[in-house]
Amino acid sequence: MIKTSYEFDQSILAAGSSLKTNILLRFRADIAKSPRRNLNLSLVIDRSGSMAGAPLHHALKAAESVVERLEPDDILSVVVYDDEVDSVVPPQSVTNKAALKNSIRKVRAGGITNLSGGWLKGCEHVKTRLDPQKINRVLLLTDGHANMGIQDPKILTATAGQKAEEGIITTTLGFAQGFNEDLLIGMARAATGNFYFIQSIDEATEVFSIELDSLRAVVGQNLKVTLELADGVSLVDTLSLAKVSQNDASQAVITLGELYEDEDKLLGLSLGISSAQVGDLPVMKLHYSADVVQDDRIQSVSGTIDVVAKVGTVEEAAFAATSHIILELSRLTIAKAKETALNLAEHSKHQEAEQTLRALVKDLRDKGLNENFEIAEEIDQLEYFASRIAQKALGNAGRKEMRDQTYQTMTRNRSDLVGRGVTTGDEVYAMPIVNEVGSGIELYCVREGGKLRVKVMSEGYDLTKNIQFPRAIRAEGARYVVEGLELSSDATFYRVRGKITRFAQPGETDIFVAPRQSNRANTGKASKGPASAADLPTTDSVGDSILVQCVKDGSKLRARVVSDGYEPDWNMRFPRSVREEGMLYVVDEVKTAPDGKSYIACGEIKRFVQPT
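Residues numbered from 1 in each chain as written. Predicted model: local features only at pLDDT ≥ 70, side-chain atom pairs only at ≥ 80, totals over all residues. Heavy atoms only, no water.

A short note on the overall build of the protein chain
Link 1 in the chain: From N to C terminus, the protein chain includes 11 helices and 28 strands.
Link 2 in the chain: For 612 residues, the compact-globule estimate of 2.2 N^0.38 gives 25 Å, and the C-alpha radius of gyration of the protein chain, at 27 Å, lies within 12% of that figure.
Link 3 in the chain: Seen through its C-alpha atoms, the protein chain measures out along the principal axes to roughly 90 × 65 × 45 Å.
Link 4 in the chain: Here the protein chain holds 612 residues, and 54% of them are scored as buried.
Link 5 in the chain: Within the protein chain, contacts between residues separated by at least 24 positions form 72% of all contacts whose residues are at least 6 apart in sequence.
Link 6 in the chain: The centroid of the 73 positive side-chain charges in the protein chain is displaced by 5 Å from the centroid of its 84 negative side-chain charges. (Helix = DSSP H or I, 4+ residues; strand = E, 2+ residues; numbered from the N terminus. Rg over C-alpha atoms; globule rule 2.2 N^0.38 Å. Buried < 20%, exposed > 50% of the residue type's maximum accessible area, 1.4 Å probe, protein only. Contact = heavy atoms within 4.5 Å. Lys, Arg positive; Asp, Glu negative; His and termini not counted. Charge placed at Lys NZ, Arg CZ, Asp CG, Glu CD.)

Looking at the side chain of Thr-406
Link 1 in the chain: You can see Thr-406 is positioned in helix H11 (residues 395-411).
Link 2 in the chain: A polar contact of 3.3 Å, which involves the side chain of Thr-406, links it to the backbone oxygen of Ala-335.
Link 3 in the chain: Discounting chain neighbours no more than four positions away, the residues touching Thr-406 are Ala-335, Lys-338 and Glu-339. (Polar contact = N/O pair within 3.5 Å; in protein donor to acceptor, adjacent residues only side chain to side chain.)

A word on the environment of Ser-87
Link 1 in the chain: Within the secondary structure layout, Ser-87 lies in strand E6 (residues 85-93).
Link 2 in the chain: Taking the C-alpha atoms as reference points, Ser-87 and His-125, 38 residues apart in sequence, are found 9.2 Å from one another.
Link 3 in the chain: If near-sequence neighbours (up to four positions away) are discounted, Ser-87 is found in contact with Val-78, Val-79, Lys-121 and His-125.
Link 4 in the chain: Within polar-contact distance, the side chain of Ser-87 engages the side chain of His-125 at 2.7 Å.

Structural notes on the pattern of salt bridges
Think of it this way: side chains of opposite charge can pair up when their charged atoms draw near.
Link 1 in the chain: Going through the model one piece at a time under the given rule, you end up with 47 salt bridges.
Link 2 in the chain: One salt bridge connects Asp-462 with Lys-465, and the closest N-O pair in it is separated by 2.9 Å.
Link 3 in the chain: On the basis of relative accessibility, which here comes to 17%, the residue Lys-465 falls in the buried class.
Link 4 in the chain: Beyond isolated ion pairs, a larger network of salt bridges with shared partners links Glu-181, Asp-182, Glu-346, Arg-399, Lys-400 and Arg-403. (Salt bridge = Lys/Arg side-chain N within 4 Å of Asp/Glu carboxyl O.)

Here's the deal with the side chain of Arg-137
Link 1 in the chain: Looking at the element boundaries, Arg-137 is found in strand E7 (residues 135-142).
Link 2 in the chain: We classify Arg-137 as buried; its relative accessible area is 0%.
Link 3 in the chain: For Arg-137, the side chain forms a polar contact with the side chain of Glu-258, separated by 2.3 Å.
Link 4 in the chain: Apart from residues lying up to four places away in sequence, Arg-137 is in contact with Asn-40, Leu-41, Ser-42, Val-126, Ile-169, Thr-170, Thr-171, Gly-193, Asn-194, Glu-211, Leu-215 and Glu-258.

What about the packing of helix H1 (residues 54-69) against helix H2 (residues 97-105)?
Link 1 in the chain: Contact geometry for H1 and H2: axes closest at 10 Å, N-to-C directions at 170°. It follows from the interaxial angle that H1 and H2 lie roughly antiparallel. Relative to H2, the crossing made by H1 is right-handed. Two secondary-structure elements touch here, H1 through Leu-60, Ala-63, Glu-64, Val-67, Glu-68 and Arg-69 and H2 through Lys-97, Leu-100, Lys-101, Ile-104 and Arg-105. (Axes fitted to C-alpha atoms, helices over the stretch in contact; angles between N-to-C directions. Parallel < 35°, antiparallel > 145°, perpendicular 65-115°, else oblique. Left-handed = near helix turned anticlockwise from the far one by under 90°.)

Some points on the pairing of strand E15 (residues 279-294)
Link 1 in the chain: In the sheet, strand E10 (residues 218-229) pairs with E15 via eight bridges, with the strands oriented antiparallel. From the neighbouring strand, Gln-221 faces E15, where its bridge partner is Asp-291.
Link 2 in the chain: In this structure, E15 lies alongside strand E16 (residues 297-312), joined through 15 bridges in antiparallel fashion. Along E16, the bridge assignment pairs Gln-294 with Arg-297. (Pairing = 2+ DSSP bridges.)

Here it is as structure tokens:
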């Protein structure tokens, strides 16, 4: 069965008219411990040109780690895609892990991004072994935009929803900074799967592990909640990132997706009440249904609960204790504010977006919630994003962080997924620098589980405690000197006091002197090649250069750009002497030719070799 509960943000609501209140609903599959369900899993991995080098290397290592954790009764397939789609591992039981991992290791980077082709092939593989008693899932990883095959986000999102109705759920993983987060989040939401932002390529294995743990913990699916509101009660907002529709009775139907073992599924609602008299006030009947594991089988369960609020006089409401769920509701409110601010900023309403975030910061502080470390961290995030939006400098990385933080908070109840963000702000480069600690306190910034944390190095302090520190100047590997630290009221974390400077050890290279830029100078001159491709210098990384591939076009060999951001079908002026079918090259610069519909390779050309 499903265990349900609810709490209002105030234990007693004030009688009167035009009342607004928030409610937090919890759902948990209340079942005995049972064996983990087996998986029918397809890994779909982008091997396009933009993944060449370290990104693909880490993605394949992550795929190998998945193989290692699977069991003989699990089904696995592995699809890789660029402009072509290949099934390097057709659907099979995981009985020979060494052979499976060897097949994955042979994958090499290729051309442009046929995301739809790779994903649909993964769905096809899962469908061939579809089993309602298994977790049937496609994990789609990409670092770029779809530029071949089906590219319309609306079509891809709608198709993800259709596949989910067939029992095939999609989880999407965005790698680095080039992917379309709106598309991947849209597909995950439509499919009731998960979404992950892999911000740093070396955390791919960790993120895959989180998803695999989640799949093993699925004990219920297709959780739906229908709100039968009482007269005079209206739904103002949904504080969860769930699909909301209406049934034939014009009642809100909220799709919450999967239930995980030992994890509450939270649904926050903001309600309007036209009038309330002292006493018990019926607010709604809440109808729920889901497919849960019972007696080692998937069975449908449903139920109804009556949601009733306690209403008192203004005085009684004022003296009533604030509900302990205020922290959880605050997290949902923060996520909603980020989503609202981002939407405003993208409609050029930057001042309104900034005000939305700063008003929430003030409200959180007025309530004393900044004494909670998690909320204190969120306040730093809100101030950082407000400042970036005000300067119209949120950027691609900031946008992805905001979208990811909103998604994770409003869909999952896991502390290791919320508040992730490792992007270095520009402000760290402009900080005053000192070369000795003196009477100050030395701090350093590290990355822990996708988050930037600041720790103390100086003696006399608890080295295990986190430090509330401005998000704008956090940078992995940076060291700082501050005038003072003070404990929070509950003594669980430190706050910085006084001036903050960046510490640079004498004799050590300072990596934060200025934004790191390429030392390569673009000459603008067309590339010249040696006698053959064998004479080209080699490289196993792309960096800020451009990846090019030689492809067969009829009877001719053509050079085409496969890095994201370029037209994949345009021809290129490229030395004929080094053209070999299928070969990848790294070039310094690509310019648009005078005809406006082709490219010119400029600067040095290197032959790309896959790192081992």
